[in-house]
Amino acid sequence: MEGLDIDPSKPHFRVGTVNRRKGVKALYLIPTEAGDAEAFELAKTGRGYSIPLKGVFQKMGLNYMDEEYTFTIKSFDYGDGVTGYELVSHQQTPRSNASDE
């Protein structure tokens, strides 16, 4: 979070994708305000943070129950002084513990 300058006091994000013929290759996180009906909220998990994206992954057709996906994250200028984040999946490997959600 520090490396990407994500402010944990503003934990709400809209999540989007660009659908292509060969499936979804990237997720986009755009900061938004609390109360946005389409926003996902960061949740503190131990020393890190997570976003509950189970429903998004299911809609995208990602088999997250059996596969682990590795994402490269980079920031981009979304406009109007807002920094968005692009998460590109380059690799997937079988999960060692398929019961993880």
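Cut-offs used in this document
- Residue indices follow the written sequence of each chain, beginning from 1 at its first position.
- Predicted model: local features are reported for residues with pLDDT of at least 70 only, side-chain atom pairs are reported and counted for 80 or more only, and whole-chain, interface and lining totals are derived from all residues.
- The basis for every side-chain value is the complete set of heavy atoms in the structure, and neither hydrogens nor water enter the calculation.
- Here a helix means four or more residues in a row that DSSP labels H or I, a strand means two or more in a row labelled E, and each is numbered from the N terminus.
- Residue contacts are defined here by distance: any two heavy atoms, one from each residue, within 4.5 Å place the two residues in contact.
- Note on areas: Shrake-Rupley, 1.4 Å probe, and residue coverage restricted to the protein chains presented here.
- Pairs of strands are assigned from DSSP output, requiring at least two bridges between the strands.
- Buried means the residue's accessible area, taken with a 1.4 Å probe over protein chains only, is under 20% of the maximum for its type, while exposed means over 50%, and partly exposed covers the values in between.
- By the criterion applied in these results, polar contacts are pairs of N or O atoms within 3.5 Å in which, for protein atoms, one can donate a hydrogen and the other can accept it, and in which residues neighboring in sequence qualify only through two side-chain atoms.

J.: Would you explain the overall build of the protein in this entry?
T.: Within the protein one finds 1 helix and 7 strands. By sequence separation, contacts in the protein at least 24 residues apart represent 47% of the contacts at least 6 residues apart. Carbon and sulfur atoms make up 47% of the accessible area of the protein, which amounts to about 7,300 Å² in all.

J.: Where do I start with the pairing of strand S6 (residues 67-79) in this structure?
T.: Side-chain direction in a regular strand flips from residue to residue, so the side chains alternate between the two faces of the sheet. Across 12 bridges, S6 lies against strand S7 (residues 82-94) in antiparallel orientation. In the strand pairing of S7, Thr 70 is matched with Gln 91. What sits between the antiparallel neighbours S6 and S7 is a turn of 2 residues, in which Asp 80 has the positive phi angle 55°.

J.: What should I look at first to understand the environment of Ala 34 in this one?
T.: The residue Ala 34 is located in the loop between strand S2 (23-31) and strand S3 (40-41) in this model. The exposure class assigned to Ala 34 is exposed, which follows from its relative accessible area of 55%. Separated by 24 residues in the primary sequence, Ala 34 and Lys 10 place their C-alpha atoms 7.9 Å from one another.

J.: Mind showing me how you'd approach the side chain of Glu 86 here?
T.: Note on placement: Glu 86 falls in strand S7. According to the relative accessible area criterion, Glu 86 is buried, its value standing at 16%. Within polar-contact distance, the side chain of Glu 86 engages the side chain of Tyr 28 at 2.9 Å.

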